[in-house]
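Residue-level structural notes
Here is how the chains run, residue by residue.
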Amino acid sequence: MRRRPQVSMDFQIVVLAGGFSKTLLPLVSKDLPKALLPVADRPVLSFVLELLEQNGIKEAIVVVEGESAALLISAWISRAFEDRLNVEVVAVREDVGTAGAIREIGHRLTTKDILVVSGDLVTEIPLGAVAAVHRRHDAMVTAMLCSVPISGPLDSGASSVKDKGKKAGRLNIVGLDPTKTFLVHIASGAEVEKDIRIHKGILRAFGQMEIRSDLMDAHMYAFKRSALLDVLRQNEKFHSLRRDVLPYLVQSQLKSSLRINGSQSEENGNDKDALHIQQNLFSQLANAPHLLSDPILNQTHKCVVYIANKTKYCARLNSVQAFSDINRDIVGDANHLLGYTLSAQNNVVDPSVILGSKTTVGPQCMVREGSEMGDKCSIKKSIIGRHCRIGSNVKISNSIIMNHVTIGDGCSVQGSIICSNVQIQERASLKDCQVGAGYVVTANGDYKGESLAKKEK
Amino acid sequence: MDVRRVPRTVSNPKVRQVGFFAPGTQPDRSQPGPPAASPPLSDASPTENSLSPVMIPPPRNLSTELARQFPHVLPVASLRGGSRGADSSIPVGSYNPSEFQSPAEATDFSEDPSPHLGRRNSSGKLATSLPAGRFDMEFAKQNNVATLPAETREQNTTSSKPFKDKTTKAERRAIQEAQRAAKAAARGEGSKGPNAAAPANNNTNASLGKLKKESSSTAVSEKRSGDRQPDKDKKKDVPHPRMQFDDTNRVEKAKKRSVVKQTESKNRVELFRHLPQYEHGAWLPDVESKFFQLHNTVHPAVYKVGLSFLTGDVSGGNARCIAMLKAFQESIKDYSTPPEKSLVRDLTTKINGYVSFLIECRPLSVSMGNAIRFLKSQITNLPLHLSEPESKEKLISDIDHFISEKILLADKVIVNHAVTKINDGDVLLTYASSSAVEMVFLHAHELGKQFRVVIVDSRPKLEGQKLLLRLTRMGISCTYTHINAVSYIMHEVTRVFLGASSVLSNGTVYSRVGTASIAMVAHQFNVPVLICCEAYKFHEGVQLDSICSNELGNPDAISKVPGRNESSCLDGWIDTENLQLLNLTYDLTPSDYVSMIITDFGMIPPTSVAVIVREYRHENLWT
């Protein structure tokens, strides 16, 4: 037999680590691909890899866009995960998209199913659960949906959820069948106008449909390998798994279910009522008797969802905002993911840190080793990396400061992200800024909501 | 002769054989009664026994003999002839004809009313045949003829063993006296003497031991005697009693072994403490999240099947059995023997691991237990000269054969039999959803019979609705009602067709909870109750109530009414200390209420189940 010995339940794990993401500029740089962005002083990829390890997975393929990023990442992985995980780092061309990446590594995939995980996912949802649901339904694709992260949007009320969803374009309008197992409709937030159009075949097939917008696509999919590769082969221009492949599969599922259900003489009189459903309406259209609610059990082509438990943390690092959100959550509410024990003050301060007199480090902070702080500093809800030198009378709140950053006396940093090797001179004031690596903020500078980066030579 | 030598399978049935009693084991019959009745018997039995055992030619030998003489005799025919053969007293096999007693005596004996077994005459007759088998063995031994059924001997050694150490002083004394008496009697007997005494001892021994086990309601009515030679190798063949979940020690041990973390539910139903009662909510997520951890122990296909059992995606005896066998087939396909291990042993342990995973997902049904037993015996009986691919090939085709012959073909036969019982104008009642019954209805409809179906259903599973859907689609006119209304609807019903999860060898039908009520009502209304059940679901055990072995479903299923959110008085019931919810899955229908069991061996009265179990044991379904 040609088959390899059982690779983790006939599942292969593909971690899409991306490359130098444009959306995350200026945080990423030539030396710091997206996957290595530090979240609480750990590369974000480590969260995924540790999740794999916790789930008892031994092998994974990490796909990186671009050779140079691949080199950096494989160097880091071989250092950090030497005998824990058998990771294979594969470089693909840049800008091929997620679908393209899978297409390129297609020949390496051998198992019945593959699990595609985005490398920027910070979560504690067991991968096994997604895989198990996939297996159980023998599905074509299983998408993991999670509730919007516990931080940010929820604090500021429901109305902002919608705005944020539109702005970030990461909220999907998701249609589920009554049992919440099958994915009936999917449209990402950006495409959604005022109405959503739903084919009447959907309602004929499923009887009921629940439309939700409070779920986020976590970009963790289980695919049936053969089907996925077929789809990618047939549709050369598919670029992204989320935007192209998943909606395509969801739609074609309807086609097949239409064909199957067409033969059944089910009476569904009120189709046309269902054509327009107001957005965000949690509607249940009971136009099929309870008895007939499982007409798709014989269907071969299933799109299944796994809806993660609300209590589990799940977030994707796909924007600058998300980066700071995740960093804040990781030392705050979701600190169980961190792997450090918190001190009595609810923060993590390395013993080697030198604090000046009257300097306070508040709760939900993290200060890594070798950093020095002058007198009368105040650090709130911030992360400070290794070997930073912070002068006196500096106020830092809601910020992320990476390694080897020098901050002069009397500076004020609020809600900002300061990359490595940045120098901030005296009495500069930064609010909601992102400062790229190696940048020098001049003394007395006052920036608000700007993105500062060194010019590429 | 060697036809009878069925090699032992690895599995351990809970009850060896049922419904048979010998003079020596007479106390057995009074087993459920007060224990006080038995002690005098221990004194009485040796004399009774050693000298004049009631001998009847065993139908087992007879049937094989017959089969040898008339190879074309249908198995059913030989089976039916079993009791007749006993009457006509044909000396067969290794019998010493001088030991024979007149068959008339045997029948007299069998007429002896017994409280729970063999109510009917026929069963009594059949039942007597087995003790004869035992004596057959004893005498065969004394004649040094190696014809005795190997498995019987083993059973004897094993079944008698557990009792040995349990005897009290008084009991030991009784045994000693019995032995002495037996010896004296044996001396009188002459050359055969010393050996003839042996059964007596062991009978007393066994019967004494039984006194201690009286409390158990599983009627272990057939603890047979055996030689007292301690045989260490065979010790592991002692049947494991069913796991009792009120035994803390064993539960702890089992927990350590188990792959899936199960938390015991807080409000366990007291009467059912011996059954696993776990919180259902935490179960599925745990199995799911362990997906990748399990890959060493569980094959993906088996995992999938287990998951579908757990979630209820696959239910019903046949469906579960087929799904399981298919998964095993997959796993055998992917199996390769690790170096320095033998396929037989390693594969058996693998299968054991799979089975225990499946049990953790949902307790096995009888049909699955039988199928597993079959598969294991196929593995152990693999010819040594086969190479690994050949062995795998053989096992895979064995499984295919099992599925097609024992399940699919059996269903066809059942349908053909059952259809003859459907006449035009009949009103047929069925309960819940049985695949066999459904096929019967559909086939009858295809034949153009005019009939109406009443589908009785019950909460919480409401399985009948799906059946209703399928039947109405086919154009069969149906009435759908819930079990509450069964006494009303029964007036118009002419026949009741029911499915079964298992039929035990005393004719009791183990089936979906509610079946017993239906059968009882039908009996009261003089409506014949026909059970459609494939023979591979028969179980050699006997059960007298549905308490000692049953399955508990999710209590939440009965506390919540779908679509009726207002009935929330049971919300948070788990925190109410003095409230326990009981969601039983199965019940027992006494054979009184069953008119006929339609099986692949034909239509039989419920009392004949024991015969089928006994006659077809060489098919490795029952040990």
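Residues numbered from 1 in each chain as written. Chains lettered and ligands numbered in written order. Predicted model: local features only at pLDDT ≥ 70, side-chain atom pairs only at ≥ 80, totals over all residues. Heavy atoms only, no water.

**What to know about the overall build of chain B**
Short version of the rule: For helices the rule is a DSSP run of H or I covering at least 4 residues; for strands it is a run of E covering at least 2, with both sets numbered from the N terminus onward. Buried means the residue's accessible area, taken with a 1.4 Å probe over protein chains only, is under 20% of the maximum for its type, while exposed means over 50%, and partly exposed covers the values in between. Contacts between residues were defined by any pair of non-hydrogen atoms, one from each residue, lying within 4.5 Å. Per-residue and other accessible areas were derived by the Shrake-Rupley procedure at a 1.4 Å probe size, with only the shown protein chains allowed to occlude residues.
Of the regular secondary structure elements, chain B holds 21 helices and 11 strands. The buried share of chain B, reckoned over its 623 residues, is 55%. Pairs at least 24 apart in sequence give 79% of the contacts found in chain B among residues at least 6 apart. Counting every atom, chain B has about 26,400 Å² of accessible surface; 54% of that belongs to carbon and sulfur.

**Quick word on the overall build of chain A**
Secondary structure summary: chain A contains nine helices and 34 strands in total. Within chain A, the fraction of its 457 residues that count as buried is 58%. Total accessible area on chain A is roughly 19,700 Å²; 49% of this is exposed by carbon and sulfur atoms.

**Some points on the sheet that holds strand 2 (residues 451–457) of chain B**
What links the strands of a sheet is backbone hydrogen bonding, and the strands pair in either a parallel or an antiparallel sense. Residues and elements named next belong to chain B. Just so we agree on the cut-off: Two strands are counted as paired when DSSP detects at least two bridges linking them. The axes used here are C-alpha line fits, helices contributing only the stretch in contact, and every angle between their N-to-C directions lies in the interval 0 to 180 degrees.
The sheet built from seven strands is open, its strands ordered 3-2-1-4-7-10-11 with mixed pairing. Across the chains shown, the open sheet's two edge strands, defined by having one partner strand only, are strand 3 (477–482) and strand 11 (602–604). On average, adjacent strands in this sheet sit at an angle of 25° to one another, irrespective of strand direction. Relative to strand 4 (residues 495–499), strand 1 (residues 426–431) runs parallel, the two sharing three bridges. Looking at strand 4, one finds that Leu429 is bridged to Val496. Of the strands in this sheet, strand 4, strand 7 (529–532), strand 10 (596–599) and strand 11 touch helix 15 (residues 388–419), which is tilted by about 135° from strand 10. The strands that helix 19 (residues 515–524) touches are strand 1, strand 2, strand 4 and strand 7; relative to strand 4, the one it contacts most, it runs at about 160°.

**Some thoughts on helix 9 (residues 320–331) of chain A**
One turn of the α-helix equals 3.6 residues, which is why residues spaced by three or four share an orientation. The line we're drawing: In this scheme, a helix's expected span is set at 1.5 Å multiplied by one less than its residue total.
Counted at 1.5 Å a residue, the expected span for helix 9 of chain A with its 12 residues is 16 Å, and the 17 Å between its end C-alpha atoms agrees. Those residues of helix 9 of chain A that fall on the buried side of the exposure criterion are Val320(A), Ala322(A), Phe323(A), Ser324(A), Asp325(A), Ile326(A), Asn327(A), Asp329(A), Ile330(A) and Val331(A).

**Regarding the pairing of strand 1 of chain B**
Both faces of the sheet carry side chains from a regular strand, because those side chains alternate between them. Residue and element names in this part refer to chain B. Heads up, the condition is: Crossover handedness is defined here as right-handed if the route from the first strand over the helix to the second strand goes clockwise, with the strands pointing away from the viewer.
The buried fraction of strand 1 amounts to six of the six residues, a majority that puts the element mostly inside the structure. Burial along strand 1 is two-sided: the residues Asp426, Leu428 and Thr430 and Val427, Leu429 and Tyr431 are all buried. Relative to strand 2, strand 1 runs parallel, the two sharing six bridges. In the strand pairing of strand 2, Asp426 is matched with Phe451. Crossover handedness for the path strand 1 to helix 16 (residues 435–446) to strand 2: right-handed.

**Thoughts on the packing of aromatic side chains**
Which entries qualify depends on this criterion: Side-chain rings of Phe, Tyr and Trp (the six-membered ring for Trp) are treated as a pair once their centres are within 6.5 Å; stacked means planes under 30 degrees apart, edge-to-face means over 60, and tilted covers the remaining angles.
Inspection of every chain in the model, using the stated rule, returns 10 aromatic pairs over all chains. Seen in terms of ring centroids, Tyr221(A) and Phe223(A) are 5.7 Å apart; in terms of plane orientation they differ by 50°. Their pairing is tilted. Both residues of the pair, Tyr221(A) and Phe223(A), belong to the buried class. Centroid distance Tyr303(B) to Phe357(B): 5.8 Å. Interplanar angle 20°. Geometry classified as stacked. Linking Tyr303(B) in helix 11 (residues 300–311) with Phe357(B) in helix 13 (residues 343–361), this pair joins segments that are 54 residues apart in sequence. Summarising the burial analysis for this pair, Tyr303(B) and Phe357(B) share the class buried. Within the aromatic cluster, the residues linked to one another by ring pairs are Phe374(B), Phe402(B) and Tyr536(B).

**Remarks on helix 4 (residues 127–137) of chain A**
All names here are of chain A. Summarising burial for helix 4: 11 of the 11 residues are buried, a large majority. Residues Leu127, Gly128, Ala129, Val130, Ala131, Ala132, Val133, His134, Arg135, Arg136 and His137 constitute the buried set of helix 4. Of the residues flanking the end of helix 4, it is Asp138, one or two places downstream, whose phi is positive at about 55°.

**Thoughts on the pattern of salt bridges**
Selection rule: We define a salt bridge as a contact between a side-chain nitrogen of Lys or Arg and a carboxyl oxygen of Asp or Glu at a distance within 4 Å.
Under the definition given, this model contains 21 salt bridges over all chains. Here Glu372(A) and Arg389(A) are joined by a salt bridge, their closest N and O atoms 3.9 Å apart. Taken together, the residues span a long stretch of sequence, with Glu372(A) in strand 20 (residues 372–373) and Arg389(A) in strand 23 (residues 389–390) at a distance of 17 residues. Classification of Glu372(A) by relative accessible area gives partly exposed; the value is 30%. Residue Glu330(B) pairs with Lys333(B) through a salt bridge whose shortest N-O separation is 3.6 Å. In this pair, Glu330(B) and Lys333(B) both sit in helix 12 (residues 317–333), three residues apart, roughly one turn of the helix. Judged by its relative accessible area of 34%, Lys333(B) is partly exposed. If you follow the salt bridges from partner to partner, you end up with Asp350(A), Arg368(A), Glu369(A) and Arg386(A) in one network.

**Quick notes on the interface of chain B and chain A**
The criterion, for reference: The term buried area refers to how much accessible surface (probe radius 1.4 Å) is lost by two components on association, counted for both of them together. Pairs of N or O atoms are called polar contacts if they sit within 3.5 Å, as long as, within protein, a hydrogen donor faces a hydrogen acceptor (for residues adjacent in sequence, only side-chain-to-side-chain pairs). As a working rule, the residues Ala, Val, Leu, Ile, Met, Phe, Trp, Tyr, Cys and Pro are called nonpolar, Asp, Glu, Lys and Arg charged, and the rest polar, with Gly in that last group.
Taken together, the contact between chain B and chain A spans 22 residues of the former and 29 residues of the latter. For the pair chain B and chain A, the summed buried area comes to about 2,200 Å², and 66% of that belongs to carbon and sulfur atoms. Between chain B and chain A we count zero salt bridges in total. On the surface where chain B and chain A come into contact, there are zero residue pairs in polar contact (both at pLDDT 80 or more). The set of elements that each furnish at least two residues to the side of chain B that touches chain A consists of helix 10 (283–289), helix 11 and helix 17 (464–473) of chain B. In terms of residues, the side of chain B that touches chain A owes the most to one element, helix 11 of chain B, which gives five residues. Classifying every residue of the side of chain B that touches chain A by side-chain character gives nine nonpolar, six polar and seven charged.

**Observations regarding the sheet that holds strand 34 (residues 451–452) of chain A**
Residue and element names in this part refer to chain A. One open sheet holds the seven strands; their spatial order is 17-19-22-25-28-31-34, and the pairing between them is parallel. On the outer flanks of this sheet lie strand 17 (348–349) and strand 34, each paired with one strand and no other. As defined by bridge partners, strand 25 (residues 400–401) adjoins strand 28 (residues 417–418) across two bridges and the pair is classed as parallel. Paired with Ile401 across the bridge in strand 28 is Ile418.

**Points about the environment of Ile422(B)**
Note that Ile422(B) resides in the loop between helix 15 and strand 1. Sequence separation between Ile422(B) and Lys449(B) is 27 residues, and the spatial gap between their C-alpha atoms is 7.6 Å.

**Let's talk about the packing of helix 12 of chain B against helix 13 of chain B**
Residue and element names in this part refer to chain B. We count it as follows: Oblique is the label for any angle not under 35 degrees, not over 145, and not in the 65 to 115 range, which are roughly parallel, roughly antiparallel and roughly perpendicular in turn. When the near helix sits turned anticlockwise from the far one by under a right angle, the crossing is termed left-handed; a clockwise turn instead gives a right-handed crossing.
For the pair helix 12 and helix 13, interaxial distance at closest approach is 12 Å and the crossing angle is 140°. Taken together, helix 12 and helix 13 sit at an angle that is classed as oblique. Judged by the sense of rotation from one axis to the other, the crossing of helix 12 with helix 13 is right-handed. Every residue of helix 13 that contacts helix 12 at Met324, Phe328, Ser331 and Ile332 is listed here: Leu347, Ile351, Tyr354, Val355 and Leu358. Among the residues making up the contact of helix 12 with helix 13, the classes are represented as eight nonpolar, one polar and no charged.

**A closer look at the environment of His445(B)**
All names here are of chain B. Looking at where His445 falls in the secondary structure, it is placed in helix 16. Judged by its relative accessible area of 28%, His445 is partly exposed. In this structure the C-alpha to C-alpha distance between His445 and Met474, which are 29 residues apart in sequence, comes to 8.4 Å. Those residues in contact with His445 that lie beyond four places of it in its chain are Phe451, Met474, Gly475 and Ile476.

**Let's talk about the confidence of the model for chain B**
Residues and elements named next belong to chain B. For clarity, the cut-off: Confidence per residue, as judged by the predictor, is encoded in pLDDT with a range of 0 to 100.
Mean pLDDT over chain B: 70, with 59% of residues reaching 70 or higher. Counting interchain partners and residues more than four positions distant, the pLDDT-below-50 stretch residues 1–164 has 302 contacts. Across residues 191–239 the pLDDT falls below 50, and counting only partners more than four positions away or on other chains, this stretch makes 128 contacts in the model. Per the prediction output, this complex has pTM 0.67; the corresponding ipTM is 0.73.

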